[in-house]
Amino acid sequence: MSVASRVGEDIILRRSTSIAGKRSVLTKFAWVVALCVVFVAVLAPLLAWHQPIVCKYQGTYDFPAVVDTVRQIPVLGSYLEKSKPFRFPTFDARKTLDPDSFAIWPPIPFGPIELMADANLSSSRAHWLGTDDRGRDVLARLIHGTRVSVRVGLYSMLLAGAIGIVVGAVAGFFGGMCDWVCSRFIEIVMCFPAFFLILAVMAWIGEGLTGVILVIGFTQWTSIARLVRAEVVRGREADFVMAARSYGASNTHILIRHLLPGALGPAVVAMTFGVADAILLEAGLSWVGVWRSVADAFVGLDAA
Amino acid sequence: MWRYFLKRVLLTVPTFVGVILLTFVVIHLAPGSPATADDAGLGDSGMSAVEHQRLRAHYQMDAPLHVQLARWTARAVRLDFGRSFANGRPVSQIIAERIKPTLLLTFGTILIALVLAIVIASFLATRCGRPIDKLILTGCVGLYAVPPYIVGLLLIWIFGVWLNWFPFAGLTSDEFSSMTTWRKIADLAGHSVLIGLCFVGPLLAYLIPFIRASLLSVLKEDYVRAAHAKGLSTRRVMFGHVLPNALLPLLTVLGLIVPAVMGGSVVLEVMFSWPGMGRLLYESIGRRDYPVIMGMTIVSAVIVLLVTLVVDLLYAWADPRVRYV
Amino acid sequence: MTNTRDRDTLLQIRDLRVRYDQAAADTLDRVSLSIKRQEAVALLGDSGCGKTTLALAMMRLLPNGAMVSGSIELRDGDYATPIELTRLAEDRLREVRGKRMAMLFQSPQRSLNPVLRIGSQIEEVIRVHTNVRRADARLKAIQSLTRVGITDPERIIRAWPHELSGGMAQRIGLAITLAGQPDLLIADEPTSSLDANAKAQVVELLRKPRRTMGMAILLITHDWTIARALADRVCVMDGNRIVEDRQPEEFEAHNIHPAARRLIDASNRRLRIAVTNGDDVR
Ligand SMILES: Nc1ncnc2c1ncn2[C@@H]1O[C@H](COP(=O)(O)OP(=O)(O)OP(=O)(O)O)[C@@H](O)[C@H]1O
Ligand SMILES: [Mg+2]
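Figured I'd write up the structure that's included with this text. Predicted, not measured: the structure shown is a model, and the values here were computed from it. (Residues numbered from 1 in each chain as written. Chains lettered and ligands numbered in written order. Predicted model: local features only at pLDDT ≥ 70, side-chain atom pairs only at ≥ 80, totals over all residues. Heavy atoms only, no water.)

**Concerning the overall build of chain C**
Helix and strand counts for chain C come out as ten helices and ten strands. Taken over the C-alpha trace, chain C has a radius of gyration of 19 Å; the compact-globule value for 282 residues is 19 Å, and the two agree within 12%. The dimensions of chain C, computed from C-alpha atoms along their principal axes, are 55 × 50 × 40 Å. A total accessible area of about 13,100 Å² is found for chain C, and carbon and sulfur atoms account for 46% of it. Averaging the coordinates of the 43 positive side-chain charges in chain C and doing the same for the 37 negative ones gives two points 2 Å apart. (Helix = DSSP H or I, 4+ residues; strand = E, 2+ residues; numbered from the N terminus. Rg over C-alpha atoms; globule rule 2.2 N^0.38 Å. Areas by Shrake-Rupley, 256 points an atom, 1.4 Å probe, with all protein chains shown as cover. Lys, Arg positive; Asp, Glu negative; His and termini not counted. Charge placed at Lys NZ, Arg CZ, Asp CG, Glu CD.)

Take a look at the structure:
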């Protein structure tokens, strides 16, 4: 590996500690904000949805928004059936058929892709942030956009983390030719300005949330790999590894039990920063228009 | 030292080859690419059948894979990426036109940010823990958290539209060719102010805490104390002993900053209609101009490759400890 | 104190107190110490008792937040007015550091700047205190290297710090401190990182400039044998104060402070171990 990258291994780590100390107020504040974002993302359908949270119609209760919130949970969610669709205007019409019916709506009773009658409205009681050029509620799109961002950030970094940890650990542990090849590979991927490479790949594979996640994951793993490699190399010479070797532990045992735990900390820190970077990348991509606006993509994923 | 230099220069060869290979892989393995697309794949990438045929012809995909690879390599080494689909001009010529504004922007802003960050960080490091230190650090974190294109939009609204202080579209004014040299420079500078700020701001937010931390750790070293004990002036200690050591890690960061800044240029160049590579990439993607897209990807990688090389050589020159490894 | 005795005094520390930023207690508590011209004083003490802190306070090199009270007086060259170091302005301080008082740091490798060649680090002291041209400074640097017993100064002058052994680095540190021809050399544990042989050589090197340049030495150590070999007077620190201040011979007596007793015994024990191992220890 080149000198610069060898010496720069701790740079990503230092980024975290130099900007804000470990226990500083800022760090706490950052955590609170991050949790809020995740909260909004997970509960998006309860905050803004074109379906009521609770409704009663012709004697049966239904929880469409709640159901849709649960349905977004990856594996579990698919067991839940989609609830009967209600629509905001038509529900009132049904009220004349069944005077007993009622509905509790989310604070913003619009979905992100619903077209209203009026485009380009400015703020009003109904549409807090107005509507966009196609007549969709801006605040609802913002809230559901968070879901996409968080999803892109988390999934792409999980992918990047997996690749980075494997490549870094292999390079660091086996050394020699293996290290040389892995390090070259890391360097090659690092040579491409992230946005250029991502745009180039996206130009070929087209739009789609999965595409964005894959592309970001496959390009943003390099810093994680470098950190893990550095940690593993450092650990390889440590006394406790020598001791483990002396009682005959296998390579995989040493790698998994002794070296990776130490390397995981820095990797997780780098991944945390990576989530932020990935969200920015994703926002940039949608800004440049390589893939359709965020909220549409999310709906597309749910349909799939 | 020379042996290390030579070794390091030779090391760029496999990396360059890797860059070419990777771009080749991107073209061929991406689902929906002309190489693999059947009818379903076509729908995916939104490519028409005509486009598809043209691509296959352009990359000569009917030939066996190794022949294709050989041809691709041979052309890429000569930086010959064929002709643009959009206007039929050679891709290298198009890129050559657009590369200068991007290089100006990238390296100009990095230079300015470096100088500013070093000055501010030195100021802060000697006032560690005071209110001003905390204030600026907090400001850096805040600025770091704001995406650059939000900064860009704000700047355009405030200084471009509302106050109307600076032009915010393009590289030069319309009557540029009829200006005197000084007016030309002033015009160029005026056009660079807002977009430059969008680059310098986040860079400062990243560099100031970094350099400050580096300075603080060097200031604690024994050799700094020893330098004071020799009776050197504070300035000489700072410039002769502290900065050379504290700025070493900065060199390595430089190798990471350049690709980040170039990548970030896409959004900002589009926003400010800056006629650089980022905007060219944006336009080419809109037109599905694949030869230009791939050409630009390789060129940007080569620029980063060269920057990393220079940084490494500089590092070896500046830090005697690494030369013999 | 009479005037005649005053004349001999080079440095006088009175009631010095030092407290580091955010520390709970004083690191030095009312420490008083005087050093005469050309005198070698050894300062003995356990690790962490504040020996380095005292040295740094004398050089005014304590970190910014440290609180200092008391007085440190340095007699001027013409035996006239004393300079109060604790209140000296920064620019005047520079004339004292390196020229009147020089300090040899505890860890020789770490006190050399890793990105500068040895030569330029020696020349720096010479050029800042005497008005010589670069070439002359180089000559003087070579001389000062020869003086500390380096056999191939021309090569060393072009070497980088990381290429040196510990003993070599210690000599170069000494060369740097001697280059300004100070009246007082503060040597902070000059032998602690060296083997017995190199130790002996460094002790010899410290003796010589004392004779030739009339330099006073404050030798900081926790090794009784070194103190005994070099010092005219031995001070012992315990906790944060000085508890003994005598001629070395007087330490044979039985009524000395337990801390001093402990240090002496520890050194004797080391000596015995070394002797039974057949090593040559001074
Ligand atoms: N910068 C500092 N900030 C706070 N406390 C310090 C600082 N430097 C030293 N100390 C504390 O002051 C005390 C004395 O330290 P000092 O370095 O003077 O000891 P020493 O006698 O030189 O020890 P050694 O023999 O190990 O060198 C120690 O308890 C140490 O923890
Ligand atoms: Mg000490």
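**A few points about the nonpolar core**
Counting 140 residues, the largest nonpolar core has Ile-224 and Val-228 of chain A together with Leu-207, Ile-211, Leu-215 and Met-277 of chain B as the members making the most contacts within it. The element best represented in this core is helix H8 (residues 181-219) of chain B, accounting for 16 residues. Residues contacting Ile-224 of chain A, with those up to four places away along its chain left out, are Met-157, Ala-160, Gly-161, Gly-164, Ile-165, Ala-267, Ala-270 and Met-271 of chain A. Ranked by size, the runner-up nonpolar core spans 40 residues in total, among them Val-18, Met-59, Leu-184 and Met-237 of chain C. (Core = buried A, V, L, I, M, F, W, Y, C linked by side-chain atoms within 4.5 Å. Buried < 20%, exposed > 50% of the residue type's maximum accessible area, 1.4 Å probe, protein only. Contact = heavy atoms within 4.5 Å.)

**Considering the coordination of the magnesium ion (ligand 2)**
Donor atoms from the polypeptide that coordinate the magnesium ion (ligand 2) comprise Thr-52 of chain C (OG1) and Gln-106 of chain C (OE1), at 1.8 to 2.4 Å from the metal. With Thr-52 of chain C in helix H2 (residues 51-59) and Gln-106 of chain C in the loop between strand E6 (101-104) and helix H4 (118-129), the pair connects residues that are 54 residues apart, well separated along the chain. (Donors = N, O, S within 2.8 Å, 3.2 Å for Na, K, Ca; no water.)

**A few points about the interface of chain C and chain B**
Taken residue by residue, the interface counts 27 residues in chain C and 23 residues in chain B. Summing the contributions of chain C and of chain B, the shared interface buries around 2,200 Å²; its carbon and sulfur component is 57%. Between chain C and chain B we count three salt bridges in total. Close ionic contact of Lys-230 of chain B with Glu-124 of chain C constitutes a salt bridge, the shortest N to O distance being 2.9 Å. There are nine residue pairs in polar contact (both at pLDDT 80 or more) connecting chain C and chain B. Going through the elements one at a time, H2, helix H3 (90-96) and H4 of chain C are the ones with two or more residues in the side of chain C that touches chain B. Residue contributions to the side of chain C that touches chain B peak at five residues, all from H4 of chain C. (Buried area = accessible area lost by both parts, 1.4 Å probe. Salt bridge = Lys/Arg side-chain N within 4 Å of Asp/Glu carboxyl O. Polar contact = N/O pair within 3.5 Å; in protein donor to acceptor, adjacent residues only side chain to side chain.)

**Some words on a nonpolar patch on the surface**
A surface patch of nonpolar side chains, amounting to about 1,000 Å² of accessible area, comprises Val-146, Ile-150, Leu-153, Leu-154, Trp-157, Ile-158, Val-161, Trp-162, Leu-163 and Trp-165 of chain B. Residue placement: Val-161 of chain B occurs in helix H7 (residues 148-162). (Patch = residues over 30% accessible without salt bridge, like charges linked within 9 Å, V, L, I, M, F, W, Y side chains within 5 Å.)

**Thoughts on the state of the cysteines**
Residues and elements named next belong to chain A. Counting across every chain of the model gives zero disulfides over all chains. In this structure Cys-178 is a free cysteine whose sulfur lies 4.4 Å from that of Cys-182, the closest cysteine sulfur available. Since its relative accessible area comes to 28%, Cys-178 is described here as partly exposed. (Disulfide = S-S within 2.5 Å.)

**With respect to the sheet that holds strand E7 (residues 184-188) of chain C**
Residue and element names in this part refer to chain C. With respect to topology, six strands assemble into an open sheet ordered E6-E7-E8-E3-E9-E10, the strand pairing being mixed. Two strands bound the open sheet, and with one partner strand each, they are E6 and strand E10 (241-246). Sheet twist, expressed as the mean angle between neighbouring strand axes with direction ignored, is 20 degrees. Bridge analysis of E6 against E7 gives four bridges, and the strand direction is parallel. Residue pairing across strands places Met-101 opposite Leu-184, the latter belonging to E7. Across the face of the sheet, H2 comes into contact with strand E3 (40-45), E6, E7, strand E8 (216-221) and strand E9 (233-238) while running at roughly 150 degrees to E6. (Pairing = 2+ DSSP bridges. Axes fitted to C-alpha atoms, helices over the stretch in contact; angles between N-to-C directions.)

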